[in-house]
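Below are the chains, spelled out letter by letter.
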Amino acid sequence: MTVETVIARPVDEVAAYAADPGHAPEWYANIRSVQWQTPPPVAVGSRMDFVTHFLGRRLAYTYEVVELVPGERLVMATAQGPFPMRTTYTWEPAAGGTRMTLTNTGEPSGFARVAAPVMERAMRRATTKDLARLRAVLEGRT
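The rules behind the values
Residues numbered from 1 in each chain as written. Predicted model: local features only at pLDDT ≥ 70, side-chain atom pairs only at ≥ 80, totals over all residues. Heavy atoms only, no water. Helix = DSSP H or I, 4+ residues; strand = E, 2+ residues; numbered from the N terminus. Buried < 20%, exposed > 50% of the residue type's maximum accessible area, 1.4 Å probe, protein only. Contact = heavy atoms within 4.5 Å. Salt bridge = Lys/Arg side-chain N within 4 Å of Asp/Glu carboxyl O. Core = buried A, V, L, I, M, F, W, Y, C linked by side-chain atoms within 4.5 Å. Pairing = 2+ DSSP bridges. Arc of directions from axis to C-beta. Phe/Tyr/Trp six-rings, centres within 6.5 Å; stacked < 30°, edge-to-face > 60°.

S.K.: Help me understand the overall build of the protein chain, please; the structure alone is not making it clear to me.
M.R.: Assigned secondary structure in the protein chain consists of four helices and seven strands. Reading the helices (α) and strands (β) of the protein chain from amino to carboxyl end gives β-α-α-β-β-β-β-β-β-α-α. Going through the 142 residues of the protein chain one by one, you find that 42% of them count as buried. Look at the contacts in the protein chain between residues 6 or more apart in sequence, and 42% of them connect residues 24 or more apart.

Here it is, written out as structure tokens:
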């Protein structure tokens, strides 16, 4: 599942803010908290514990940064949690600012596999709203 938006801010600013997991609760509606397992700043090998609330359930999982190209791309994968997931952020110049793309991929199992179509639609709606929230946060800065 991939969603994208254009944010009227420079690429370096959008990437620096969005790639900092500590900011995630500010723009992801479902993320309740992020705790670093490794010292910041974000780097390949960084690990963070996320607590979210999604479809009425509390989910806790650990993400590990598996790829980082500052200002261009960040890839995180779950090291543990309810199902394997990979999240990729990319940033590129676009007319009027920065195009940010957010891609989530994963292989649900058990009940999650049965509910996958519903979960994907819910994730797409939530992620679209999250990127709109990120855009509002960053465009509201002076």
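S.K.: Looking at this model, I keep getting lost on the environment of K129. Mind explaining?
M.R.: Tracing the sequence through the fold places K129 in helix α4 (residues 116-139). For the pair K129 and A29, spaced 100 residues apart in the sequence, the C-alpha separation amounts to 8.1 Å.

S.K.: Is there a simple way to explain the pattern of salt bridges in this structure?
M.R.: Pairing between side chains of opposite charge can happen when the charged atoms of each approach one another. Per the counting criterion, the structure on display carries five salt bridges. With a shortest N-O distance of 3.0 Å, E13 and R9 are connected by a salt bridge. The partner of R47 in a salt bridge is E64, and the shortest N-O contact between them spans 3.1 Å. Taken together, the positions of R47 in strand β3 (residues 47-54) and E64 in strand β4 (residues 57-69) put the pair 17 residues apart, joining distant regions of the chain. Here the salt bridges do not stand alone but share partners, grouping E4, E92 and R99 into one network.

S.K.: Sorry, what's going on with the nonpolar core here?
M.R.: For soluble globular proteins, the rule of thumb is that nonpolar side chains tend to be buried together. The biggest cluster of nonpolar side chains holds 35 residues, and the ones touching the most others in it are W27, F50, L74, Y89, W91, M100 and L134. Leaving out residues up to four positions away in the same chain, W91 has contacts with V11, V14, A15, A18, A19, G71, E72, R73, L74, T98, R99 and M100.

S.K.: Sorry if this is basic, but what is going on with the pairing of β4 here?
M.R.: Remark: a regular strand shows side chains that alternate across the two faces of the sheet. The pairing of β3 with β4 spans eight bridges and is classified as antiparallel. Its bridge partner lying in β4, T52 is registered against L59. A loop of two residues connects β3 with β4, the two strands running antiparallel in sequence, and L55 in this loop sits at a positive phi of about 50°.

S.K.: Would you explain helix α1 (residues 11-18) in this entry?
M.R.: Since the α-helix packs 3.6 residues into each turn, any two residues three or four apart lie on the same face. Of all the positions in α1, only V11, V14, A15, Y17 and A18 are classed as buried. The arc that holds the buried residues of α1, viewed along the axis, is 170°, so those residues lie on one side. In α1, those exposed residues whose orientation departs by more than 90 degrees from the buried face are D12 and A16.

S.K.: What is the right way to read the pairing of strand β1 (residues 2-7) from this model?
M.R.: Taking every second residue as pointing to the same face, the buried face of β1 carries V3, T5 and I7, while none of T2, E4 and V6 on the other face is buried. As paired elements, β1 and strand β7 (residues 97-106) share six bridges and run antiparallel to each other. Paired with T5 across the bridge in β7 is M100.

S.K.: Please clarify how the packing of aromatic side chains should be interpreted in this entry.
M.R.: For any pair of aromatic rings, geometry is given as the distance between the ring centres together with the angle between the planes. All told, the structure shown has six aromatic pairs when counted by the stated rule. When the ring of F50 is compared with that of Y61, the centres are 5.7 Å apart and the planes differ by 0°; the resulting orientation is stacked. Here Y61 lies in strand β4 and F50 lies in strand β3, a separation of 11 residues in the sequence. Each member of the pair F50 and Y61 is classed as buried.

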